[in-house]
Amino acid sequence: MFSQINYEGPVLKKYETLSKQLDALLEGETDIIANLSNASALLNQFLDNINWVGFYLMKEGELVLGPFQGLPACVRITVGRGVCGTAVSERKTMLVEDVHAFPGHIACDAASNSEIVIPLSKNDEVIGVLDIDSPKKARFTLEDQQGLELFAQTLLKFI
């Protein structure tokens, strides 16, 4: 059974606790949709100042919307387009302080002002991305990036 906990200490310590909670939450479950759904719900509960958190999965050469928390979203994203597609094509985390200044940004929610996208890779192949939007400019820090990359690595054991 899931129980909400208090996250205490420095930012990276909080993310370590969050990743341990994810590991315990997903233990023994192999269904990708169930695991991504719980991961997005856990992040939505943990993160403040966000308006969307979820996953896009690679299907037939493009990103397709997966489990998420937030308003309805763009369903398909071409690799190389927008923040998510760029994260896939460059195979690296994209931390964008102002999405309106990002060339080719795809505005699924007009309230979004900053974004972080972490590629999810297995066997050296990008299988999807973790995408988080915020209405606050410069919401995500390098510590958030490190913590979310740790979260993604924990999640990858279950997908």
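Residues numbered from 1 in each chain as written. Predicted model: local features only at pLDDT ≥ 70, side-chain atom pairs only at ≥ 80, totals over all residues. Heavy atoms only, no water.

Caption draft 1: Just the side chain of aspartate 133, in detail. Note on placement: aspartate 133 falls in strand E6 (residues 125-134). Nearest to the buried, unbridged aspartate 133 among oppositely charged side chains is arginine 139, at 11 Å. Only 3.3 Å separates the side chain of aspartate 133 from the side chain of serine 112, close enough to count as a polar contact. If near-sequence neighbours (up to four positions away) are discounted, aspartate 133 is found in contact with Ile50, Asn51, Trp52, Ser112, Ser114, Glu115 and Phe140. (Helix = DSSP H or I, 4+ residues; strand = E, 2+ residues; numbered from the N terminus. Buried < 20%, exposed > 50% of the residue type's maximum accessible area, 1.4 Å probe, protein only. Lys, Arg positive; Asp, Glu negative; His and termini not counted. Salt bridge = Lys/Arg side-chain N within 4 Å of Asp/Glu carboxyl O. Polar contact = N/O pair within 3.5 Å; in protein donor to acceptor, adjacent residues only side chain to side chain. Contact = heavy atoms within 4.5 Å.)

Caption draft 2: Region of the structure containing the sheet that holds strand E5 (residues 114-122). Pairing is antiparallel across the open sheet formed by six strands, whose spatial order is E3-E2-E1-E6-E5-E4. Bordering the open sheet on either side are strand E3 (76-78) and strand E4 (94-96), each of which pairs with just one other strand. If you compare each strand with its neighbour and ignore which way they point, the axes differ by 25° on average. By the bridge criterion, six bridges tie strand E1 (residues 52-59) to E6 in an arrangement that is antiparallel. Bridge pairing links valine 53 to isoleucine 132 in E6. Lying on the sheet, helix H3 (residues 82-90) is in contact with E1, strand E2 (62-70), E3, E4, E5 and E6; it crosses E5 at an angle near 40°. (Pairing = 2+ DSSP bridges. Axes fitted to C-alpha atoms, helices over the stretch in contact; angles between N-to-C directions.)

Caption draft 3: Layout of the nonpolar core. Membership of the largest hydrophobic core comes to 28 residues, with the highest contact counts inside it found for Leu18, Leu43, Leu130, Ile132, Phe151 and Leu155. Elements that contribute at least two residues to this core include exactly helix H1 (11-26), helix H2 (32-46), E1, E5, E6 and helix H4 (142-156). With residues up to four places along the chain from it excluded, the contact list for leucine 18 reads Tyr7, Leu42, Leu43, Phe46 and Phe151. Listed in part, the 17 residues of the second largest apolar core include Leu63, Ile77, Cys84 and Val88. (Core = buried A, V, L, I, M, F, W, Y, C linked by side-chain atoms within 4.5 Å.)

Caption draft 4: Representation of empty space enclosed by the protein. Overall, the coordinates contain one cavity of 30 Å³ or more when judged by the stated rule. Computed from the structure, the largest cavity encloses a volume of approximately 190 Å³. For the lining of the largest cavity, the secondary structure elements donating two or more residues are E1, H3 and E6. Considering every element that reaches the lining of the largest cavity, the biggest residue donor is H3, with four residues. For the lining of the largest cavity, the per-class residue count stands at twelve nonpolar, four polar and five charged. (1 Å grid on protein atoms, 1.4 Å probe; cavity = no way out; pocket = protein on both sides within 12 Å on 5 of 7 lines; lining within 4 Å. Points joined across faces, edges and corners; volume = space filled by probe spheres on them. Nonpolar A, V, L, I, M, F, W, Y, C, P; charged D, E, K, R; others polar.)

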